[in-house]
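One-letter residues, chain by chain:
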Amino acid sequence: MATKNVALTPEEKKMVTEVMKNARRQTYTPEKLCQLQKILDTQYFYWWMNDLKKEEYALDIFEENFDAYCTGFGAYKSTATAWARNAKYGNSFMNTAHMGHQPLVWFMDDSTARGVFFFESNMTYLDNPADQLEQYFIYCNDFKKHADGSWHISAYRLLQTKQYGEMHSDTVMAPDGYKFPDWEEIK
């Protein structure tokens, strides 16, 4: 199995370190702890929706338009619908297990926050379960609080650190004309 180690760029390391330092210096009130739990629930919901193949729920947790970044791809603009479309397509080829650890959340103000979460995945391809892909990332996401009190991902960043195995190149981006299977409307 191929192994790839990836060093964080100076910019990526600076962003993670900034969250580490600022999260540790925060003073918590009972209300701020409640908001912290809501942000954690938003991030954890993200991983659960992937593993349960409910990627369309992304419309409920992402801002409609958001900034995105992924090691190897760079920065790009996305929409909740485009993210859901590609995730639904990519996840359809795999049995996935998304596991997040060590959350730190920095409240930048009362309605914006940035969180870092160490992430490891274990995925096997459905057509060949022996073909395993393990990926390790640091999620460095920004969150925005809506008027109804819910938190949404407003910037989505995947900072890769390590990978075992190879992602099948034809399973990453949905082709033109791809139709969502089993799309569930969120109520």
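Quick note: structure is the one above.
These lines cover the structure that appears in this document, whether it is placed above or below. (Residues numbered from 1 in each chain as written. Predicted model: local features only at pLDDT ≥ 70, side-chain atom pairs only at ≥ 80, totals over all residues. Heavy atoms only, no water.)

### Structural notes on the overall build of the protein chain
Summing up its helical and strand segments, the protein chain has 4 helices and 8 strands in all. Counted from the first residue to the last, the protein chain has its helices and strands arranged as β-α-α-α-β-β-α-β-β-β-β-β. Sorting the 187 residues of the protein chain into buried and exposed places 43% on the buried side. A separation of at least 24 residues holds for 65% of the contacts in the protein chain among residues at least 6 apart in sequence. Counting only carbon and sulfur atoms, one obtains 55% of the accessible surface of the protein chain, whose full area is about 10,300 Å². Here the protein chain holds 20 positive side-chain charges and 26 negative ones, and the gap between their average locations is 7 Å. (Helix = DSSP H or I, 4+ residues; strand = E, 2+ residues; numbered from the N terminus. Buried < 20%, exposed > 50% of the residue type's maximum accessible area, 1.4 Å probe, protein only. Contact = heavy atoms within 4.5 Å. Areas by Shrake-Rupley, 256 points an atom, 1.4 Å probe, with all protein chains shown as cover. Lys, Arg positive; Asp, Glu negative; His and termini not counted. Charge placed at Lys NZ, Arg CZ, Asp CG, Glu CD.)

### Some thoughts on the layout of surface pockets
A volume near 840 Å³ is recorded for the largest pocket. Secondary-structure elements contributing two or more residues to the lining of the largest pocket are helix 2 (30-51), strand 3 (74-79), helix 4 (80-91), strand 6 (112-125), strand 7 (128-145) and strand 8 (151-164). For the lining of the largest pocket, the per-class residue count stands at 17 nonpolar, 15 polar and 2 charged. (1 Å grid on protein atoms, 1.4 Å probe; cavity = no way out; pocket = protein on both sides within 12 Å on 5 of 7 lines; lining within 4 Å. Points joined across faces, edges and corners; volume = space filled by probe spheres on them. Nonpolar A, V, L, I, M, F, W, Y, C, P; charged D, E, K, R; others polar.)

### Quick word on helix 2
Between its terminal C-alpha atoms helix 2 stretches 32 Å, which fits the 32 Å expected from 22 residues at 1.5 Å a residue. Buried residues of helix 2: Gln-35, Leu-36, Ile-39, Leu-40, Thr-42, Gln-43, Tyr-46, Trp-47, Met-49 and Asn-50, and no others. Where helix 2 ends, the next residue or the one after it, Lys-53, has phi of about 60°, a positive value. (Expected span 1.5 Å × (residues − 1).)

### Re the environment of Leu-33
Here Leu-33 shows up in helix 2. For the pair Leu-33 and Phe-66, spaced 33 residues apart in the sequence, the C-alpha separation amounts to 26 Å.

### Some points on the packing of aromatic side chains
Counting across every chain of the model gives 23 aromatic pairs. Taking the centre distance of 6.1 Å and the plane angle of 80° together, the rings of Tyr-46 and Phe-62 count as edge-to-face. Taken together, the residues Tyr-46 in helix 2 and Phe-62 in strand 2 (residues 62-70) connect sequence positions 16 residues apart. Looking at Tyr-46, the relative accessible area reads 3%, which means it is buried. Assessed through its relative accessible area of 3%, Phe-62 is described here as buried. Within the aromatic cluster, the residues linked to one another by ring pairs are Tyr-44, Tyr-46, Trp-47, Phe-62, Phe-66, Trp-83, Phe-117, Phe-119, Phe-137, Tyr-139, Phe-143 and Tyr-156. A cation over an aromatic ring shows up here: Lys-162 above the ring of Tyr-136, its NZ or CZ 5.0 Å from the ring centre. (Phe/Tyr/Trp six-rings, centres within 6.5 Å; stacked < 30°, edge-to-face > 60°. Lys NZ or Arg CZ within 6 Å of the ring centre and 35° of its normal.)

### Looking at the nonpolar core
By size, the foremost hydrophobic cluster in this structure holds 29 residues, and its most contacted members are Tyr-46, Met-49, Phe-62, Trp-83, Val-105, Tyr-139 and Tyr-156. Contributions of two or more residues to this core are made by helix 2, helix 3 (58-61), strand 2, helix 4, strand 5 (98-107), strand 6, strand 7 and strand 8. Excluding residues that lie within four positions of it along the chain, Trp-83 makes contacts with Tyr-46, Met-49, Asn-50, Glu-55, Ala-58, Phe-62, Phe-66, Ser-78 and Tyr-156. Core analysis: the second largest hydrophobic core is formed by 9 residues, Met-15, Val-19, Trp-106 and Ile-138 among them. (Core = buried A, V, L, I, M, F, W, Y, C linked by side-chain atoms within 4.5 Å.)

### A closer look at the pattern of salt bridges
Per the counting criterion, the structure on display carries 6 salt bridges. In this structure, Arg-114 engages Asp-142 in a salt bridge whose closest nitrogen and oxygen atoms are separated by 2.5 Å. Within this pair, whereas Arg-114 is found in strand 6, its partner Asp-142 is found in strand 7, the two being separated by 28 residues in sequence. For Asp-142, a relative accessible area of 12% gives the class buried. Counted as one network, the salt bridges with shared partners bring together Glu-18, Arg-114, Asp-142 and Arg-157. (Salt bridge = Lys/Arg side-chain N within 4 Å of Asp/Glu carboxyl O.)

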